[in-house]
Structure formats: structure tokens, C-alpha cells
Amino acid sequence: MSEKQMTRQELYDEIKKTSKDTFILKEMKRLGFWDSSKPKVAQELIEKKVTLQKELNGLSKKIRNPESVIKEIHKQRMADALLRREETKVKRENKEKEALEQRFQKKESEIGFIGKSFISELNKKESNQELLLINNLFLIKNAKYLANKMGISLKELRFLTFTQKLSTHTDYVRFKMAKKTGGFREISAPKPKLKRLQYWILDNVLNKVEVSDQTHGFVKERSIVSNALPHVGKSVVINCDLQNFFPTLSYPRVKGLFQSLGYSAEVATIFALLTTEAEQKEVVLDGEKLYLYTGKRYLPQGSPASPMITNLICRKLDKRMQGIATTLGFTYTRYADDMTFSSNEYNNINKILYWVKGITQDEGFILHPDKTRIMKKGSCQEVTGVVVNEKASVNKKELKKFRALLYQIEQSGLEGKSWHGKSENLIAVIWGYANFIKMVDAQKGVKYMFQVNAIIEKYPLEKKEEVATTPSFVNNILNMFRK
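Reading guide: rules and limits
- Residues numbered from 1 in each chain as written.
- Predicted model: local features only at pLDDT ≥ 70, side-chain atom pairs only at ≥ 80, totals over all residues.
- Heavy atoms only, no water.
- Patch = residues over 30% accessible without salt bridge, like charges linked within 9 Å, V, L, I, M, F, W, Y side chains within 5 Å.
- Areas by Shrake-Rupley, 256 points an atom, 1.4 Å probe, with all protein chains shown as cover.
- Salt bridge = Lys/Arg side-chain N within 4 Å of Asp/Glu carboxyl O.
- Lys, Arg positive; Asp, Glu negative; His and termini not counted.
- Charge placed at Lys NZ, Arg CZ, Asp CG, Glu CD.
- Helix = DSSP H or I, 4+ residues; strand = E, 2+ residues; numbered from the N terminus.
- Buried < 20%, exposed > 50% of the residue type's maximum accessible area, 1.4 Å probe, protein only.
- Phe/Tyr/Trp six-rings, centres within 6.5 Å; stacked < 30°, edge-to-face > 60°.
- Lys NZ or Arg CZ within 6 Å of the ring centre and 35° of its normal.
- Core = buried A, V, L, I, M, F, W, Y, C linked by side-chain atoms within 4.5 Å.
- Contact = heavy atoms within 4.5 Å.
- Pairing = 2+ DSSP bridges.
- Axes fitted to C-alpha atoms, helices over the stretch in contact; angles between N-to-C directions.
- Polar contact = N/O pair within 3.5 Å; in protein donor to acceptor, adjacent residues only side chain to side chain.
- Parallel < 35°, antiparallel > 145°, perpendicular 65-115°, else oblique.
- Left-handed = near helix turned anticlockwise from the far one by under 90°.
- Nonpolar A, V, L, I, M, F, W, Y, C, P; charged D, E, K, R; others polar.

Asker: Whenever I open this one, a negative patch on the surface confuses me. Can you help?
Answerer: On the surface, a cluster of negative charge is made up of Glu-86, Glu-87, Glu-93 and Glu-96. With respect to the element layout, Glu-93 can be found in helix 4 (residues 66–109).

Take a look at the structure:
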């Protein structure tokens, strides 16, 4: 059965749907006149021509209506702009979330901002593990690790190290302590929270490091007596004093000490901030007391960590002093800021004094111009309060005065009595001096300790607990009698 023949109109409509060439190609294939085994270039050209013709027809329609074209372009542009805006918003929000998360993580793991002057140092986290091992110290990875070791939060550590220009509080209680030779010694006692961290640094860091053989101050099993014994029976004893000893040891020197032990700049900075005092001036603003930071930090006299820090900083000083002392035939010891040299010869006195002055300045200290004493045989030779002429003994005049004071207290009580100008907590002071006598001369010391204990029992208003026997307390009392 033959296929139905298309009418003229149907033929026209079919050609209109595609193109004349496409219709002819289709009919040639249907009627079998197109050889499919031959190259298809002609077919592809026809199909490409059809596609281009369709695009051209579409453009022709748009050209006939330009306003709709412009409107469509604007619409597309607006759609693209809104899409880009939304994408930008999402990116910004994601970036802000990421930054917020990073800040949170940083706050939880790093000490953060504790003062403009310390920002750069806190980013240096590399420690020298070889030095730490040499100094018997353990690695402290970062501020968070340190806070955990200390038993506090990172927030507390941040608070105790934060240094601001104007503050409503101070971390130290300042007072003056009378010296044996007159004048006063400035004491800055840390408040409990800071003091506990300073003890932690002392126990876990400073006490692990070896000090020089020549230093005797605040070292276990050494004392003002062990400092004096090497100078017993010498022909000449020379005592020199370092002026403004603690203030001379500034924040950079303390930080440098901790770095020299192997700690990173970050950890050394934190340790130095915890163990140094910010110099502050009291100001009153609108009736409120404020503390103005002057920009200086130094080692406070009154911190439990300060004496050992001085000992470690002075290791090079001790080494150089020992070297020149050995060369010139002298014996050398140091107790805090007291340097003592002794010899059985007189001929090198000027030489040793010349070298002592030069080395002291070279090591960043100041030799007190009025406190260099040259004590020869025939005069009373004293080293840190201990007489060393023939044997270690207590000054006879001092002993006589002390004996008289104890007798007066036994007879008429504590009121109106004092020892070296100190009347406050007199029981503690006389207990300390009796302990000093016992250290120097055990036989005499037992007698005076017995007397002091009897006085303590006789006057119960003076709480026995106030007569503390901790090493720091004993050292503070003994230091009253070494100068």
C-alpha cells in the first residue's frame, strides 16, 4: 500500500519546521537515495546550517523588539548580581565564623594580649630542648600547658601577667624594713595568688638549676655562716656591696635568664612577668586611687623567687670574680649583694679592688661607693654579721646587748622594747637572732633559744604561730643582722 501523498500545505509546513535542505535530506534517506556509507560531511553541514538559521531567526525577532532585549539583559544582570551578592554573603559569613572559631581556639590555647610590649615575643614558641636537658628542666610547650602545670586556668594566668598603663589594683604590698646599719630596705611582697605561682617557679624551675659554688645566699644547706667560714683567720678581709641590687635586675635580664635555661621566648616572657614587679606610681583621679605603670619592670625584693633568680643571673659574675681572686691569691664568696674577698697577703689589695670594680660594671651591676670595707688583723673582721678573726663567732658587743634585752623583757615585759629599731613583732625578731646565734655557735645558741622560748610561754598574747620557722622567714630575719 502506497504512502499517502502530502498536500502542498503540509509540505510547506514541514519545510518551515526545519529547512528545505533538511527536508530534502530526510526524503532522500526515506526513499533510499542517500548512501549512509559515504562521508557525512554534507549531512553535518546541513545540520549546522539549520542550527545557525534558527539562531539567526531568533536574533531577527529580538532586533525587531529591542526594548524587550534590553529588559531581558537587565533582568539577567540583576539575577547574576543577586547570585554573586548571595555568594559573597555566604563566603563572608563563613569567613567570619572561621575567624571567630580561630579566635576562640587561640583564646583557649594561647595567653593572648597581655601588653603591647610583649606581643612579638609570645609568637616565638621554639624551646632549646638540649639546654633544658642540661639544666634538669622539663619542656613547657605553651602557655596553656604551663597554666595546667601550675594548676590554674589560662584566664588566671592572663590576668596575672597582664600589664596595663593605668590599673585599679597592684599585685604587691610595699613596705620598708629597717637595716642593721641604718636606713630602710624596700620590700615588695606579692599577694597570695601571685606568690603561689612564684613558689611554683622556684620549686619547679629555679631550684633545679645549679648555682655557683661561691654563692651562699638562699641555697639549701648554705647560710651566712657557710659564707663566712672560708674567711676565718685571714690577714685581710674585704667586703664589697652591690648597690640597688634588685632594681638593677630588670625585666629583660630576668627574661634573658629563663631563655638561657632553654625556654622559648613565650615561656620566658611569662616567667619574667610573673617574677618581676611593674614600677608604678600612685595617682588619685576623681577620688579613686590608681596605679600608673612607668614602663619599667624589675626584680622585687620580697618575692620567694627573687633570691634564686639573682643567684642564677650572677653565675657569670661569680665565675669571673673567682678567676681573678684565684689569680691574686684571694678567697671569694657571695651572699646576695655582699661580695667578700680574703687573703693572707696584703700586697694585692689594690689590684683586687681594681678588678672587682671593672668586673662588676662589666656584668651590669653597680659597686656601692661607700660600702667597701678593708678589715685587717687587729680589727673586728665580720662577714655577713659573723666575726671571723679566729673562729666563726657572734659579735661580743651585739651579744651583750641581746642578753640585756632578754633580761629586760623577762623583768618588765615587751612594752617599750626593741631590737635594732624593730619593736613590731618583737618575739619573732628575738627568736630570729637567737637562731642566728645558734647557727654560729651551737652551744651558746641553745642557751638563748631556751630563754626566748621561755619568754614566748610567758607572754601568751604573742601568738606562737607568728614565730614562723619557714626557710623564707628565717632568711628574712637573719638578713637583718648581716649588714
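Asker: Where do I start with the pattern of salt bridges in this structure?
Answerer: Oppositely charged side chains can form a pair if their charged atoms are brought close together. Counting across every chain of the model gives ten salt bridges. A salt bridge links Arg-334 to Asp-318; the nearest nitrogen and oxygen atoms lie 2.9 Å apart. Residue Arg-334 is located in strand 7 (residues 331–335), and its partner Asp-318 is located in helix 15 (residues 315–328); the two are separated by 16 residues in the primary sequence. Asp-318 matches Arg-334 in its accessibility class, with the two residues each being buried. In this structure, the salt-bridge partner of Asp-362 is Arg-320, at a minimum N-O distance of 2.6 Å. One end of the pair, Asp-362, is in helix 16 (residues 349–362); the other, Arg-320, is in helix 15, with 42 residues separating them in the sequence. Owing to a relative accessible area of 52%, Asp-362 belongs among the exposed residues under this scheme.

Asker: How do you make sense of the packing of aromatic side chains when you look at a structure like this?
Answerer: Counting across every chain of the model gives 14 aromatic pairs. Pairing Phe-245 with Phe-246 gives two aromatic rings, centres 5.5 Å apart and planes at 75°, and the pair type is edge-to-face. What makes Phe-245 buried here is its relative accessible area of 4%. With a centroid separation of 5.4 Å and an interplanar angle of 80°, the aromatic rings of Tyr-263 and Phe-271 are classed as edge-to-face. We note that Tyr-263, like Phe-271, is buried. Among the aromatic residues, those joined into a ring-pair cluster are Phe-402, Trp-419, Tyr-433, Phe-436 and Tyr-448. Directly above the aromatic system of Phe-138 lies the positively charged group of Lys-149, at a separation of 5.3 Å from the ring centroid.

Asker: Sorry if this is basic, but what is going on with the nonpolar core here?
Answerer: Soluble globular proteins tend to pack their nonpolar side chains together in the buried interior. Counting 67 residues, the largest nonpolar core has Met-150, Leu-157, Phe-258, Phe-271 and Phe-341 as its most contacted members. For Phe-258, the residues in contact, after removing those within four places along its chain, are Ile-201, Val-205, Leu-206, Tyr-263, Ala-268, Phe-271, Ala-272, Thr-275 and Ile-309. With 35 residues, the next largest nonpolar core counts Ala-336, Val-386, Val-394 and Val-440 among its residues.

Asker: Explain the sheet that holds strand 1 (residues 166–167) to me, please; I cannot follow it from the model alone.
Answerer: Backbone-to-backbone hydrogen bonds pair the strands of a sheet. The strands run either parallel or antiparallel. The three strands are arranged 1-6-5 in an open sheet whose pairing can be described as antiparallel. Since the sheet does not close on itself, it has two edges, and those belong to strand 1 and strand 5 (277–285), each with one partner. Strand direction decides the pairing type here: strand 5 and strand 6 (residues 288–298), joined by eight bridges, are antiparallel. Bridge pairing in strand 6 links Glu-277 to Tyr-298.

Asker: What's the story with the sheet that holds strand 4 (residues 236–241) in this structure? I'm lost.
Answerer: Here four strands make up an open sheet; going across it, the order is 7-8-4-9 and the pairing antiparallel. Each edge of the sheet is formed by a strand with only one pairing partner; in this case those strands are strand 7 and strand 9 (373–376). Ignoring strand direction, the axes of neighbouring strands in this sheet form an average angle of 15°. Note that strand 7 and strand 8 (residues 338–343) share five bridges and pair antiparallel.

Asker: What's the story with the side chain of Glu-277 in this structure? I'm lost.
Answerer: Along the chain, the position of Glu-277 falls in strand 5. Here Ser-188 takes part through its side chain, which lies 3.0 Å from a polar atom of the side chain of Glu-277. Apart from residues no more than four positions distant in its own chain, Glu-277 is found in contact with Tyr-172, Arg-174, Ser-188, Lys-296, Arg-297, Tyr-298 and Pro-300.

Asker: For this particular structure, what's the right way to read the side chain of Glu-363?
Answerer: Counting through the fold element by element, Glu-363 comes out in the loop between helix 16 and strand 9. Side-chain polar atoms of Glu-363 contact the side chain of Arg-320, separated by 2.8 Å. Those residues within four positions of Glu-363 in sequence are excluded, and the remaining contacts are Arg-253, Lys-316, Leu-317 and Arg-320.

Asker: Sorry if this is basic, but what is going on with a nonpolar patch on the surface here?
Answerer: On the surface, Phe-113, Ile-119 and Phe-162 cluster together into a nonpolar patch covering about 280 Å² of accessible area. With respect to the secondary-structure elements, Ile-119 resides in helix 5 (residues 119–122). For Ile-119, a relative accessible area of 42% corresponds to the partly exposed category.

Asker: Help me understand the packing of helix 15 against helix 16 in this model?
Answerer: Helix-helix packing is characterised by the crossing angle of the two axes and by the distance between the axes. Where helix 15 meets helix 16, the axes come as close as 10 Å, and the angle between the chain directions of the two elements is 165°. Taken together, the axes of helix 15 and helix 16 are roughly antiparallel relative to one another. As helix 15 packs across helix 16, the resulting crossing turns out to be right-handed. The residues of helix 16 that touch helix 15, namely those facing Leu-317, Arg-320, Met-321, Ile-324, Ala-325 and Leu-328, are Lys-351, Ile-352, Trp-355, Val-356, Ile-359, Thr-360 and Asp-362. Broken down by class, the residue content of the contact of helix 15 with helix 16 amounts to nine nonpolar, one polar and three charged.

Asker: So what exactly am I meant to see when it comes to unusual backbone geometry here?
Answerer: Glycine aside, a negative phi is what most residues show, and trans is what most peptide bonds show. Positive phi is not limited to glycine here, since Asn-136 has a value of about 60°. Exposure remark for Asn-136: the relative accessible area of 52% places this residue in the exposed category. One non-glycine residue, Glu-221, adopts positive backbone phi at about 65°. When you line up the elements, Glu-221 lands in the loop between helix 9 (192–204) and helix 10 (224–228).

Fair warning: the whole summary comes from geometry, so function is off the table for now.
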